[in-house]
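Structural overview for review
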Amino acid sequence: MSTRYFLDIDSPGSFDRLKKRWHGERPVPLFPQTVQIQTISGCNARCQFCPNGHTINRLPMGSMDEDIFRKIVDEVVQHPVRRISPYLMNEPLADPRLPDLIRYITDHKQSATSTTISTNATYLTDDMGERLIESGLDNLLISFHGIRKETYEASMGNLDWETHLNKVNRFIELTRRRKAKKLKVTVTMVHTSTIDGELDEIRDYWNAQGITVRIHTLENRSHPYVNGKSINIKPMKPYSNCDRLMGQAYILWNGDAVLCCVDWERTTILGNVVKESLENVWQNEAYTQYRRNYLAGKVSGTLCEGCKVQEESDFKFKPSLSILGLLSGQPYPYEPIPPPSSPPLELAKKPLPVITD
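Summary of the structure given here. (Residues numbered from 1 in each chain as written. Predicted model: local features only at pLDDT ≥ 70, side-chain atom pairs only at ≥ 80, totals over all residues. Heavy atoms only, no water.)

**Describing the sheet that holds strand β12 (residues 269-272)**
Read across the open sheet, the 10 strands follow the order β12-β11-β10-β3-β4-β5-β6-β7-β8-β14; overall the sheet is mixed. Each end of this open sheet is capped by a strand with a single partner; those strands are β12 and β14 (315-317). When strand polarity is set aside, the average angle formed by the axes of neighbouring strands in this sheet is 25°. Two strands pair when backbone bridges link them, and strand β10 (residues 248-251) and strand β11 (residues 256-258) are joined in this way by two bridges, in the antiparallel orientation. Its bridge partner being in β11, Y250 is matched across the sheet by V258. Against the sheet, helix α2 (residues 66-76) touches β3 (34-37), β4 (83-85) and β10, its axis set at about 175° to β3. (Pairing = 2+ DSSP bridges. Helix = DSSP H or I, 4+ residues; strand = E, 2+ residues; numbered from the N terminus. Axes fitted to C-alpha atoms, helices over the stretch in contact; angles between N-to-C directions. Contact = heavy atoms within 4.5 Å.)

Okay, here's the thing in structure tokens:
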């Protein structure tokens, strides 16, 4: 459940602020708690739940200058932020500099601050994997939708199932060989009608390798392209209690601060961190007025007006260890499941393949 917020500037008395806190509301922080930085724009995938392919050829694209990146990080690490994520509406590993940029964050951040990126694994080569481990990255989210070939390729458009499954499995094996315990790997996907029939298989395949699966509820990303897909399995409702603009900052490759991580069309630019500090942008009148209107329910004509989410919460499949399994060399007690390209019933006793070169 999202936290409810209020603006300190609109709550002049200490009693009023205390009353709001008593009812579970929190003041909008003076600095974002999470910062996402787009070091390079664009994504090579054409996922069915994402409008990326409908915006990429119509908007300016580029890479963030490293001096700008360091300027942002140098400011952010002065604050007790929860997370710095050098990715935003993009495929972050398309930027070959990324492990070095993450290393810069690692070397300067406060101990309580974590780093996270999300990738579709296209550029997750052995060399890139080694560099990510060495970078000090805390969390790697791997976007892998479905487990069967047909489902995966229907979900992720132009990406090849076998190639990407191979890369993910190779990286998991690399983390084991390197004993990279600091880096947590999670497989993520969006809960659509495309993958819904495979949830048990998805759980068993990844959990059997000790990997947690996080299933995100479907959002329409306030875009007609996603609406037109009709891939929801439950009714879509207005996303009326969103806390993103209250605690998270989103910075594009050119320094523009956009409203949200679903502002693919860059409809709402609230400032630019090249020209001024992130703190000044975060507290400026444009940000403040937008939050004020949102909290008052005045979203007509804004990106937020069209934002809808499936009527459910995110959920996880976490692996459970078996003591007997540990002794037998099979620590995770999951039944074998059919290979992704086979019919679901006829070959139900065969395991999914671990693809090798």
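**Overview of the pairing of strand β5 (residues 114-119)**
In terms of burial, β5 is largely enclosed, as six of its six residues are buried. Residues S114, T116 and S118 line one face of β5 and the alternating positions T115, I117 and T119 line the opposite face, and both faces are buried. Where β4 meets β5, two bridges bridge the pair, whose relative direction is parallel. Considered in β5, the bridge of I84 is made with T115. Regarding topology, helix α3 (residues 98-108) serves as the crossover connection from β4 to the parallel β5, and that connection is right-handed. By the bridge criterion, four bridges tie β5 to strand β6 (residues 139-143) in an arrangement that is parallel. If you follow I117 over to β6, its bridge partner there is L140. For the segment spanning β5, helix α4 (residues 126-135) and β6, crossover handedness is right-handed. (Buried < 20%, exposed > 50% of the residue type's maximum accessible area, 1.4 Å probe, protein only. Right-handed = clockwise from strand over helix to strand, strands pointing away.)

**Examining the pairing of β3**
Neither face of β3 is left uncovered, since the one carrying T34 and Q36 and the one carrying V35 and I37 both have all their residues buried. Relative to β4, β3 runs parallel, the two sharing three bridges. Directly across from Q36, in β4, lies its bridge partner S85. With four bridges joining them, β3 and β10 adopt parallel strand pairing. Opposite V35, over in β10, you have A249 as the bridge partner.

**Examining the pattern of salt bridges**
Across all of its chains, the model carries 19 salt bridges by this definition. Residue E219 pairs with R244 through a salt bridge whose shortest N-O separation is 2.6 Å. Taken together, the positions of E219 in the loop between β8 (212-217) and α8 (224-227) and R244 in helix α9 (residues 244-247) put the pair 25 residues apart, joining distant regions of the chain. For the pair formed by E219 and R244, the shared burial category is buried. Overlapping salt bridges, with partners in common, bring together E66, D67, R70, D95 and R97 in one network. (Salt bridge = Lys/Arg side-chain N within 4 Å of Asp/Glu carboxyl O.)

**Focus: empty space enclosed by the protein**
Counting across every chain of the model gives two cavities of 30 Å³ or more. Lining the largest cavity are Y239, C242, R244, L245, L259, C260, V262, Y294, L303, C304 and C307. Of the residues assigned to the lining of the largest cavity, the class counts are 10 nonpolar, no polar and one charged. Space inside the second largest cavity adds up to approximately 90 Å³. (1 Å grid on protein atoms, 1.4 Å probe; cavity = no way out; pocket = protein on both sides within 12 Å on 5 of 7 lines; lining within 4 Å. Points joined across faces, edges and corners; volume = space filled by probe spheres on them. Nonpolar A, V, L, I, M, F, W, Y, C, P; charged D, E, K, R; others polar.)

**Points about the packing of aromatic side chains**
Two measures describe an aromatic ring pair: the distance that separates the ring centres and the angle between the ring planes. Evaluated as defined, the whole model comprises five aromatic pairs. With a centroid separation of 4.9 Å and an interplanar angle of 80°, the aromatic rings of Y205 and W206 are classed as edge-to-face. Judged by relative accessible area, which is 6%, Y205 ranks as buried. When the ring of F315 is compared with that of F317, the centres are 5.7 Å apart and the planes differ by 70°; the resulting orientation is edge-to-face. On the basis of relative accessibility, which here comes to 24%, the residue F315 falls in the partly exposed class. Ring pairing ties together the aromatic residues F144, Y152, Y205 and W206, which thus form one cluster. (Phe/Tyr/Trp six-rings, centres within 6.5 Å; stacked < 30°, edge-to-face > 60°.)

**Considering the side chain of R291**
Here R291 lies in helix α11 (residues 285-295). Salt bridges are absent for the buried R291, whose nearest opposite-charge side chain, E285, sits at 9.4 Å. A distance of 3.1 Å separates a polar atom in the side chain of R291 from the backbone oxygen of W282. The contacts of R291, once residues within four sequence positions are left out, are L7, V28, L245, M246 and W282. (Lys, Arg positive; Asp, Glu negative; His and termini not counted. Polar contact = N/O pair within 3.5 Å; in protein donor to acceptor, adjacent residues only side chain to side chain.)

**What about unusual backbone geometry?**
Only a minority of non-glycine residues have a phi that is not negative, and only a minority of peptide bonds are not trans. Notably, A121 is not glycine yet its phi reads approximately 80°, a positive angle. Mapped onto the elements, A121 comes out in the loop between β5 and α4. Residue classification places A121 among the buried residues on the basis of a relative accessible area of 0%. At S222, a residue that is not glycine, the phi angle is positive and equals roughly 50°. Here S222 shows up in the loop between β8 and α8.

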